[in-house]
Amino acid sequence: MPELTASPQSGSISVKNLTFSHNAASNAPALVDISFTLPPGSRTILVGANGAGKSTLLQILAGKRLVSTGGADVRIKDQDVFHDSPPGVTFLGTEWAMNPVVRGDIVVSEFLDSVGGYRHKERRDRLLDILDVDLDWRMHNISDGERRRIQLCFGLMIPWDVLLLDEVTVDLDVLVRDDLLNFLKADSEARNATILCKYNATHIFDGLNNFPTHVAHMRFGSFVTQPSSWPFKSDISSPIPTLYDVALKWLKDDREHRRELESNGLKRRGARRDQAVPTDSETFYRK
């Protein structure tokens, strides 16, 4: 699996020596000694089980979490994301659709105008067509999937240099998601813009095979596989794996690795089959 060889100075995204804990009392850091570089125009997918640190990494790159110790150097377009925030960075996460502001009684057309849609009419209108949005929808009456389409139109209508996506296509139907991915790929290629995104659901990987230029595997806050050129090459005797196959294998490896750690003292997940004494809650509810 070939790794990126671009120098940190040439990359759209450069991270060095990044270790991060959510709080001082954390037993284990959320990210451990992360270093990587992504060149302009790359489209990288982060693969890993829930809790691997993918969302935390994206939030740090977006400047939403502050790293104050450890000598970490986190840069986008060669600018420090904390002290010299670079322009042209767009972050889209799943929490947006739950914000009470975007669940208010406002017509979609008025909402988009209120956030500057009239300044980007060409891109806005193209995205409205791709995302199949009804401008007469009222934000408080639509589904989470429809609200997600509004978020994507709002976030993507302004041209971006670096796009950070945290699982935001999971609510979309297959057709809209495919049209959107084709748009993002073409936009990235036309403007030499960079995309870094995370996915967990394997049914989504099944439609991503031709989207990324690189894939990476994270586990317990570290890279198991650094961002590597996609598709992976294979020997003549075996077929080239799909992204679905690779993601499924990596996630299975993650689970086996965790179970091995559990057998050596890590807190075990799953049912407590060896628990002979009823819990306090079980005793209470039986009464």
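Scoring rules and cut-offs
- Residues numbered from 1 in each chain as written.
- Predicted model: local features only at pLDDT ≥ 70, side-chain atom pairs only at ≥ 80, totals over all residues.
- Heavy atoms only, no water.
- Buried < 20%, exposed > 50% of the residue type's maximum accessible area, 1.4 Å probe, protein only.
- Helix = DSSP H or I, 4+ residues; strand = E, 2+ residues; numbered from the N terminus.
- Expected span 1.5 Å × (residues − 1).
- Arc of directions from axis to C-beta.
- Polar contact = N/O pair within 3.5 Å; in protein donor to acceptor, adjacent residues only side chain to side chain.
- Pairing = 2+ DSSP bridges.
- Axes fitted to C-alpha atoms, helices over the stretch in contact; angles between N-to-C directions.
- Contact = heavy atoms within 4.5 Å.

In the nomenclature of an unreviewed UniProt entry, the protein is known as P-loop containing nucleoside triphosphate hydrolase protein of Pluteus cervinus.

Visitor: Tell me about helix α1 (residues 54-61), and name the residues and values.
Guide: Most of α1 is tucked away, with seven of its eight residues classed as buried. Considered for burial, the residues of α1 that qualify are Lys54, Thr56, Leu57, Leu58, Gln59, Ile60 and Leu61. Glycine 63 occupies a position one or two residues after α1 and carries a positive phi of about 80°.

Visitor: Outline helix α5 (residues 174-191), listing residues and values.
Guide: The α-helix advances 3.6 residues per turn, and as a result positions three or four apart in sequence lie on the same side. Taking 1.5 Å per residue, 18 residues should reach 26 Å; α5 reaches 26 Å between its end C-alpha atoms and fits that length. Among the residues of α5, Val176, Arg177, Leu180, Leu181, Phe183, Leu184, Asp187 and Ser188 are the ones counted as buried. Each buried residue of α5 lies within a common arc of 160° when the element is viewed along its axis, so the set occupies one face. The exposed residues of α5 that point more than 90 degrees off its buried face are Val174, Leu175, Glu189 and Ala190. The opening residue of α5, the one whose side-chain oxygen lies 3.2 Å from the backbone nitrogen of leucine 175, is aspartate 173. Note on α5: the residue one or two positions beyond its end, asparagine 192, has a positive phi of about 55°.

Visitor: Before we move on, can you summarise the sheet that holds strand β9 (residues 214-219) with the specific residues and values?
Guide: As summarised here, the arrangement of the six strands in space is β6-β7-β8-β3-β9-β10, forming an open sheet in which the pairing is mixed. The open sheet has two free edges, formed respectively by β6 (89-92) and β10 (222-229), since each of these has just one partner strand. Within the sheet, the average angular offset between the axes of one strand and its neighbour, ignoring direction, is 15°. Of the pairings in the sheet, the one linking β6 to strand β7 (residues 162-166) comprises four bridges and is parallel in character. In the sheet register, threonine 90 faces β7, and the bridge partner there is leucine 163. The strands touched by helix α4 (residues 144-156) are β6 and β7; relative to β6, the strand with the most contacts, the crossing angle is about 170°.

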